[in-house]
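# Descriptive analysis of the structure
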Amino acid sequence: MDVNEDRYQKNHNNTPLLVLIVILTLLILAGGIYLGVGAVRYVINRTGLVAETESETAGSDASAAEEAEESAQSSGTFSKDIISGEDSLSERVSSARSSTDVVAVVKKAMPSIVAVTNKSVQEVSYMYRGTMEIESESSGSGFIIGENDTELLIATNYHVIADASTLTVCFSVETENEESAMVTAVVKGTDEEYDLAVLAVALEDIPDEVLEQISIAQLGSSSTLVVGEAAIAIGNALGYGQSVTSGIVSALNRTIEVDGVTGVYIQTDAAINAGNSGGTLLNADGEVIGINSAKVSASGVEGMGYAIPIDEAQPILAQLMERETRERAEESEQAYLGVYTQDISAEARELYDIPSGVYITFVESGSPAEEAGLQKGDIISAMDGVNVSSTDGFEDLLTYYRAYETVTMEILTSVAGTYTAKTVSVTFSAQPEEDGAQERTAPYNGKMPLR
């Protein structure tokens, strides 16, 4: 075999290997091209899908916003554009009411809150020992409502100061001597029917370090309240000093009867305990919206406290603030009227259409009452501009007047079943001597002639 033939044989033997290499190379290239095209198609499809989804979402959101806006406008629930992000609730309900900073409210209101201590002398009858006088003490609350040239004026409940022989208020301030914050107060005016009273403290009796820290309470409005907004109660609970409880306005215009007197109240679940009476019910802005007055104490009852709406109390308090400040007269100097009276229950007033006041069951002969023309069956509804609704309250009121003073009384007289009002002038006399007093001929009804 020659050399050329040998070369041919070698080349011929390598041909299958070269073919295989070419085929594999082509397959690899084809696979790469296929994968590349698939990847490009995936990206293109994915991009279109995202764009389509975003378009659908935007359309859905716009549709939902339009529906929400139409619903809000038709219902009147929202006051501003819901999409713009502006305030969406009515202006009456501020954002502060839904997220109350109680600490800030207390810091603002506390300088106007006072504790009230009532010391009184009660007559207690014992079967074998007769009648004895016992000194008692009770606690309540109040708040600073104003001042004049000589006095600081404090609002509270009538039942907090009823029958008091001495009254002391303790201001919510920090002093080196605890007693410096305690000052004697006197009654300036009362309205038993509405359970309101105003006390007066002489400005000259208040230390300078106390005057620098106290403030007059800011009054809000109870007419714009809505159920569910914040309510904070501050008062001298159980006589331990000022304490704070918080809750909400549970209900409005609740009609309840307290001590025989029917009134309309704000209901709250902020805890109101003994000693809280006369204290403040505040809104989220630290403004007085009510005067804490009563709570329901019964088995199975929780969170039912009541406050006098400030819009109802304010005009009455304004009148009481203008009255002459009086101090209780010594017993020997107290005025004498000379009548028997009895209370008129809420049931009797409703059933027989009898006005509020005290009912005269007997007029003593020769007494100031007889000389003024009062007679059995009349109703005393007011004296010297102060409403009268119970015999106890009327007796207490008379102790602030002295013999020989002259006052006006509002009298209701029944004529053919209809009560007509008249105003009479009465000049009190001195207390009669026991030995010289005439024998009482009227049946005793538990109330002695008024002093």
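All values derive from a computational prediction rather than experimental measurement. (Residues numbered from 1 in each chain as written. Predicted model: local features only at pLDDT ≥ 70, side-chain atom pairs only at ≥ 80, totals over all residues. Heavy atoms only, no water.)

## A closer look at a negative patch on the surface
Residues Glu176, Asp208, Glu209 and Glu212 make up a contiguous surface patch of negative charge. By the element assignment, Glu212 lies in the loop between helix H5 (208-211) and strand E7 (230-235). A residue is classified by how much of its surface remains accessible, and Glu212, at 68% relative accessible area, is exposed. (Patch = residues over 30% accessible without salt bridge, like charges linked within 9 Å, V, L, I, M, F, W, Y side chains within 5 Å. Areas by Shrake-Rupley, 256 points an atom, 1.4 Å probe, with all protein chains shown as cover. Salt bridge = Lys/Arg side-chain N within 4 Å of Asp/Glu carboxyl O. Lys, Arg positive; Asp, Glu negative; His and termini not counted. Charge placed at Lys NZ, Arg CZ, Asp CG, Glu CD. Helix = DSSP H or I, 4+ residues; strand = E, 2+ residues; numbered from the N terminus. Buried < 20%, exposed > 50% of the residue type's maximum accessible area, 1.4 Å probe, protein only.)

## A look at the side chain of Gln267
Tracing the backbone shows Gln267 in strand E9 (residues 261-268). Contacts of Gln267, omitting those with residues within four sequence positions, involve Ile248, Val249, Ser250, Ala251, Arg254, Met304, Gly305 and Tyr306. (Contact = heavy atoms within 4.5 Å.)

## As for the environment of Ala185
You can see Ala185 is positioned in strand E5 (residues 182-191). By relative accessible area, which is 5% here, Ala185 ends up buried. For the pair Ala185 and Val198, spaced 13 residues apart in sequence, the C-alpha separation works out to 10.0 Å. Beyond its immediate sequence surroundings of up to four residues, Ala185 is in contact with Leu167, Val169, Leu199, Ala200 and Val201.

## Describing the pattern of salt bridges
Enumeration over the complete set of coordinates arrives at 5 salt bridges. One salt bridge in this structure joins Arg328 and Asp396, with 3.0 Å as the shortest N-O distance. Pair noted here: Arg328 is in the loop between helix H6 (310-321) and strand E13 (339-343) and Asp396 is in helix H9 (residues 391-398), with a separation of 68 residues, a long-range link. Residue classification places Asp396 among the buried residues on the basis of a relative accessible area of 7%.

## Concerning empty space enclosed by the protein
Summed over all chains, the structure comprises 1 cavity of 30 Å³ or more. Quantified by volume, the largest cavity comes out at close to 180 Å³. If you go around the largest cavity, you meet 18 residues; those closest to its centre are Val187, Thr190, Val386, Leu397 and Tyr400. Counting residues per element, the ones that place at least two in the lining of the largest cavity are E5, strand E16 (386-387) and H9. For the lining of the largest cavity, a count of residues per class yields 8 nonpolar, 4 polar and 6 charged. (1 Å grid on protein atoms, 1.4 Å probe; cavity = no way out; pocket = protein on both sides within 12 Å on 5 of 7 lines; lining within 4 Å. Points joined across faces, edges and corners; volume = space filled by probe spheres on them. Nonpolar A, V, L, I, M, F, W, Y, C, P; charged D, E, K, R; others polar.)

## Section: unusual backbone geometry
Residues other than glycine seldom take positive phi values, yet Asp384 does so here, at roughly 55°. The residue Asp384 is located in the loop between strand E15 (379-383) and E16 in this model. Residue classification places Asp384 among the partly exposed residues on the basis of a relative accessible area of 25%. The phi torsion at Tyr404 lies on the positive side, around 75°, for a residue other than glycine. When you line up the elements, Tyr404 lands in the loop between H9 and strand E17 (406-415).

## Some points on the pairing of strand E6 (residues 196-202)
E6 sits mainly inside the fold: 6 of its 7 residues count as buried. Strand direction decides the pairing type here: strand E3 (residues 151-156) and E6, joined by 6 bridges, are antiparallel. Bridge pairing in E6 places Leu153 opposite Ala200. Two elements, E5 and E6, share 5 bridges in a ladder whose sense is antiparallel. (Pairing = 2+ DSSP bridges.)

## Here's the deal with the pairing of strand E18 (residues 418-427)
In terms of strand pairing, E17 meets E18 through 10 bridges, oriented antiparallel. Across the sheet, Glu410 pairs through a bridge with Thr423, a residue of E18. Taking the residues that link successive antiparallel strands as the turn, the E17-E18 hairpin has 2 residues, and the phi of Ala416 there is positive, at about 55°.

## Observations concerning the nonpolar core
Val169, Phe171, Phe394, Met409 and Phe428 are the most contacted members of the largest nonpolar core, which totals 49 residues. If you look at the next biggest cluster of nonpolar residues, it comprises 27 residues, including Phe143, Leu153, Ala200 and Leu282. (Core = buried A, V, L, I, M, F, W, Y, C linked by side-chain atoms within 4.5 Å.)

## Brief notes about the environment of Ser356
Along the chain, the position of Ser356 falls in the loop between helix H7 (346-352) and strand E14 (358-363). Between the C-alpha atoms of Ser356 and Asn387, which are 31 residues apart in sequence, the distance is 9.1 Å. For Ser356, the contacting residues outside a window of four places in its chain are Glu193, Arg349, Ile379, Ser381, Val388, Ser389 and Leu412.

## Points about helix H3 (residues 102-109)
All of the buried residues along H3 are Val105, Val106 and Ala109. Looking down the long axis of H3, one finds its buried residues gathered within 95° of arc, a one-sided arrangement. Facing away from the buried side of H3 by more than 90 degrees, the exposed set consists of Val103 and Lys107. (Arc of directions from axis to C-beta.)

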